[in-house]
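# Structural description and commentary
Given next are the chains, with one letter for each unit.
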Amino acid sequence: MPRRIPIVSIVWSGAVEYSAGASAPATYGPRLRALAVYFLHVQHLPLARTAALLAEVYGMSVSQGFLVAVLADAGAKADPFTKKVRDALVGADVAHFDETGVRVAGSLWWLHSASTDKLTLLGAYARRGTTAMADLGVLPTFAGTAVHDGFFPYRRYDATHALCNAHHLRELVAVTDRDPTQAWATDLIEVLRAGNRAAHLFARSGVQTGDRIAVLCGNCAELLFAFFGSTKIGAIFLPLNFR
């Protein structure tokens, strides 16, 4: 039998002031509420399993309705932070946009995302496309480079568009899985990966957007890798004639 860990805050409000978060003479405290949100949104436990876990491990019998209310309250309190994330994404020079299928109450929904290397904004919608993109609130006023999988509705927005190499790699792998004789797909996979490695090498060496990279070599695969790597980080590629 697991040891129960007391985390509930029982707040007496008879002849003293209410404690922060208390909405009744006896109520669950902020630690239990935070733990419930963690189980539901970080560990992705269903409502029923979260309620069972809280009852069995912590001795707190809560309803699924209570958990839904906790999530709504947490979402409302996160609104100011969400707005700051959205505003930062709108002002980013480069952002990645994607959409993927998820299950919501047994039905197919679409999880739209906008992200950089430090920020991610997610939204779940019954249908994917421009309505969901507009509601997420980044693309309508985004003026940077939008990296995506080529889904046509992205093109409706006035931004610089770039195709995502992670999607290219996935599609190329599918080609080789279906027909291993397609050597061109294997070669292109190596070109994209080598270009990515070159980009990381340049970045670690201190090369920044707008810097010039002079390359002195003959016509070889490495010249192509350096070109893709410099382009990826926004540097200017300068091939030099070795003759």
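A short tour of the structure in this document, coming up. (Residues numbered from 1 in each chain as written. Predicted model: local features only at pLDDT ≥ 70, side-chain atom pairs only at ≥ 80, totals over all residues. Heavy atoms only, no water.)

## A short note on a nonpolar patch on the surface
- A cluster of nonpolar side chains, Leu224, Phe227 and Phe228, forms an exposed patch at the surface whose accessible area comes to about 250 Å².
- Along the chain, Phe228 falls in helix H8 (residues 221-232).
- When its relative accessible area of 34% is taken as the criterion, Phe228 is described as partly exposed. (Patch = residues over 30% accessible without salt bridge, like charges linked within 9 Å, V, L, I, M, F, W, Y side chains within 5 Å. Areas by Shrake-Rupley, 256 points an atom, 1.4 Å probe, with all protein chains shown as cover. Salt bridge = Lys/Arg side-chain N within 4 Å of Asp/Glu carboxyl O. Helix = DSSP H or I, 4+ residues; strand = E, 2+ residues; numbered from the N terminus. Buried < 20%, exposed > 50% of the residue type's maximum accessible area, 1.4 Å probe, protein only.)

## Brief notes about the pairing of strand S3 (residues 120-125)
- Of the two faces of S3, only the one carrying Leu121, Gly123 and Tyr125 is buried; Thr120, Leu122 and Ala124 on the other face are not.
- Here strand S2 (residues 107-115) runs beside S3; their pairing, made up of six bridges, is antiparallel. Residue pairing in the sheet places Trp110 in a bridge with Tyr125 of S3.
- Turn length for the S2-S3 hairpin, with the two strands adjacent in sequence and antiparallel, is four residues. (Pairing = 2+ DSSP bridges.)

## Regarding helix H4 (residues 79-90)
- Counted at 1.5 Å a residue, the expected span for H4 with its 12 residues is 16 Å, and the 16 Å between its end C-alpha atoms agrees.
- Within H4, burial applies to Val85, Leu89 and Val90. Projected onto a plane normal to the axis of H4, the buried residues spread over an arc of 135° and lie on a single side. Away from its buried face by more than 90 degrees, H4 exposes Pro80, Lys83 and Lys84.
- Packed against the buried residues of H4 are S2 and S3. (Expected span 1.5 Å × (residues − 1). Arc of directions from axis to C-beta. Contact = heavy atoms within 4.5 Å.)

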